[in-house]
Amino acid sequence: MTAMYSYYDPEADIAWLPTGASDRVVSEEVGWGLIDHDADTDEIVAVEIWSASKCLPQAVLDALPKPGKPRGVAA
């Protein structure tokens with residue numbers, strides 16, 4: 001299983017916050033981004049926040065790693 005971690009991509013201005021795991025995901029587009037649901041249970045397994053710099057405090061964005069660079073994982 002692939003490790004899941006939150007990240008913030010400043011170039012795309014997108015924050016991705018996983019909340020669980022699923023083998024089958026259905027994405028629901030909402031005004032602020034995407035909500036990923038497990039296809040079988042309908043549980044939310046991630047949210048993707050578009051225009052994150054306008055929606056989230058800068059301190060939160062600063063605390064998130066960039067994509068592909070999980071905190072605490074050696075390069």
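Residues numbered from 1 in each chain as written. Predicted model: local features only at pLDDT ≥ 70, side-chain atom pairs only at ≥ 80, totals over all residues. Heavy atoms only, no water.

Caption draft 1: Summary view of the side chain of Glu48. Secondary-structure assignment places Glu48 in strand 5 (residues 44-50). One buried charged residue, Glu48, forms no salt bridge at all, with the nearest opposite charge on Lys54 at 15 Å. Side chain to side chain, Glu48 and Trp50 meet in a polar contact 2.7 Å long. Setting aside chain neighbours within four positions, we find Glu48 in contact with Ile14, Ala15, Trp16, Trp32, Gly33 and Leu34. (Helix = DSSP H or I, 4+ residues; strand = E, 2+ residues; numbered from the N terminus. Buried < 20%, exposed > 50% of the residue type's maximum accessible area, 1.4 Å probe, protein only. Lys, Arg positive; Asp, Glu negative; His and termini not counted. Salt bridge = Lys/Arg side-chain N within 4 Å of Asp/Glu carboxyl O. Polar contact = N/O pair within 3.5 Å; in protein donor to acceptor, adjacent residues only side chain to side chain. Contact = heavy atoms within 4.5 Å.)

Caption draft 2: Layout of the nonpolar core. Tyr8, Ala15, Ile49, Ala52, Leu61 and Leu64 together form the largest nonpolar core, which totals six residues. Discounting residues that sit within four places of it in the chain, Ala52 has contacts with Tyr8, Asp13, Ile14, Ala15 and Leu61. (Core = buried A, V, L, I, M, F, W, Y, C linked by side-chain atoms within 4.5 Å.)

Caption draft 3: Quick look at the environment of Lys66. With respect to the helices and strands, Lys66 occurs in the segment after helix 2 (58-63). Relative accessible area serves as the criterion here: at 51%, Lys66 is assigned to the exposed category. Distance from Lys66 to Tyr8, taken between C-alpha atoms, is 5.2 Å for residues 58 residues apart in sequence. Residues within four places of Lys66 in sequence aside, it is in contact with Tyr5, Tyr7, Tyr8 and Pro10.

Caption draft 4: Structural view of the pairing of strand 2 (residues 14-18). Bridge count for strand 1 (residues 7-9) against strand 2 is three bridges, and the pairing is antiparallel. Looking at strand 2, one finds that Asp9 is bridged to Ile14. Judged from the five bridges that link them, strand 2 and strand 5 form a sheet pairing that is antiparallel. Along strand 5, the bridge assignment pairs Pro18 with Ala46. (Pairing = 2+ DSSP bridges.)

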